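# Notes for the structure review
One letter stands for each residue in the lines below.
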Amino acid sequence: MKIQIYDGLPFTKVTLKHRGKSTEVDRVLIDSGSAGTVFDVDELAKIDLLPDLNDVVHTVFGIGGTEFVVEKRIEQISLVSLELKDFPIEIGAVDYGFEMNQSRH
């Protein structure tokens, strides 16, 4: 796994697959104290990965303060050779004052 440090925080790259579309997301924050992984709603909208009425809303607390996120199950998330299927992610605003969650698809 390739880890890069930005603003003193560790980041990596993952690939998300959902409903036949995929995107590679750079600068995903590695947060060992987090119960989930939050991705930028605007970036995931580029592959039509959007919240819907069946998704669960959670309140999370962290570097951005308190925010609401939507839990979504995706087809697959990949990190180097590790592939996890039917994986829960969280989708939110991700406006923390530094660059993260940039996708390439």
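The structure reproduced in this document is the subject of the present report. Everything numeric in this text was worked out from a predicted model, so none of it was measured. Position labels on residues start from 1 in each chain and follow its written sequence. The predicted nature of this model means local features are confined to residues of pLDDT at least 70 and side-chain atom pairs, given and counted, to a pLDDT of 80 or more, with totals for whole chains, interfaces and linings taken over all residues. Where side-chain values are given, they derive from all heavy atoms of the structure, hydrogens and water being excluded.

So, on to the environment of Gly20. By the secondary structure assignment, Gly20 is in the loop between strand E2 (9–18) and strand E3 (21–29). Think of it in three bands: residues with accessible area under 20% of the maximum for their type are buried, residues over 50% are exposed, and the middle band is partly exposed, with areas taken using a 1.4 Å probe on protein chains only. Residue classification places Gly20 among the exposed positions, given a relative accessible area of 72%. Between the C-alpha atom of Gly20 and that of Ile47, which follows or precedes it by 27 residues, the distance is 9.4 Å. Only runs of H or I of at least four residues qualify as helices and only runs of E of at least two qualify as strands under DSSP, and these elements are numbered from the N terminus.

Right, let's talk about the pattern of salt bridges for a bit. Salt bridges, as used here, are contacts in which a Lys or Arg side-chain nitrogen is within 4 Å of a carboxyl oxygen on Asp or Glu. Evaluation of the coordinates by the stated rule reveals six salt bridges. Asp48 serves as the salt-bridge partner of Lys21, at 2.3 Å between the closest nitrogen and oxygen. Pair noted here: Lys21 is in strand E3 and Asp48 is in the loop between helix H1 (41–45) and strand E5 (56–62), with a separation of 27 residues, a long-range link. Take Lys21: its relative accessible area is 36%, and that puts it in the partly exposed class.

With that out of the way, let us pick up the nonpolar core. Grouped together as the largest cluster of nonpolar side chains are twelve residues: Val14, Leu16, Val25, Val28, Phe39, Leu44, Ile47, Leu49, Ile74, Ile77, Ile89 and Ile91. Elements that contribute at least two residues to this core include exactly E2, E3, strand E6 (65–79) and strand E7 (82–92). Take the buried Ala, Val, Leu, Ile, Met, Phe, Trp, Tyr and Cys residues and link them wherever side-chain atoms come within 4.5 Å; each set so joined is a nonpolar core.

Quick look at the pairing of E7 now. Here strand E4 (residues 38–40) pairs with E7 via three bridges, running parallel. Across the sheet, residue Asp40 finds its bridge partner in E7, namely Gly92. Two strands qualify as a pair provided DSSP detects at least 2 bridges between them. Here E6 pairs with E7 via nine bridges, running antiparallel. Bridging across to E7, Lys72 finds its partner in Ile89. With antiparallel pairing between neighbouring strands as the criterion, E6 and E7 make up a hairpin whose turn holds two residues, including Val80 at a positive phi of roughly 55 degrees.

Working definition: rings of Phe, Tyr and Trp (its six-membered ring) pair if their centres are within 6.5 Å, and the pair is stacked with planes under 30 degrees apart, edge-to-face with planes over 60 apart, and tilted otherwise. Per the stated rule, a full pass over the model turns up one aromatic pair. The interplanar angle of 65 degrees and the centroid separation of 5.7 Å between the aromatic rings of Tyr6 and Phe11 together place this pair among those described as edge-to-face. In this scheme, the term charge over a ring applies when either NZ of a lysine or CZ of an arginine sits within 6 Å of the ring centre and within 35 degrees of the ring normal. A cation over an aromatic ring shows up here: Arg27 above the ring of Tyr6, its NZ or CZ 3.5 Å from the ring centre. Sitting above the plane of the Phe11 ring, Arg27 keeps its charged end 5.4 Å from the centroid.

Right, let's get into the environment of Phe68. Along the chain, Phe68 falls in strand E6. Expressed as a C-alpha distance, the spacing of Phe68 and Ile91, which sit 23 residues apart in the sequence, is 8.8 Å. Phe68 has contacts with Val57, His58, Thr59 and Gly92, leaving out every residue within four places of it along the chain. Contacts are assigned to residue pairs with any non-hydrogen atoms lying within 4.5 Å of each other.

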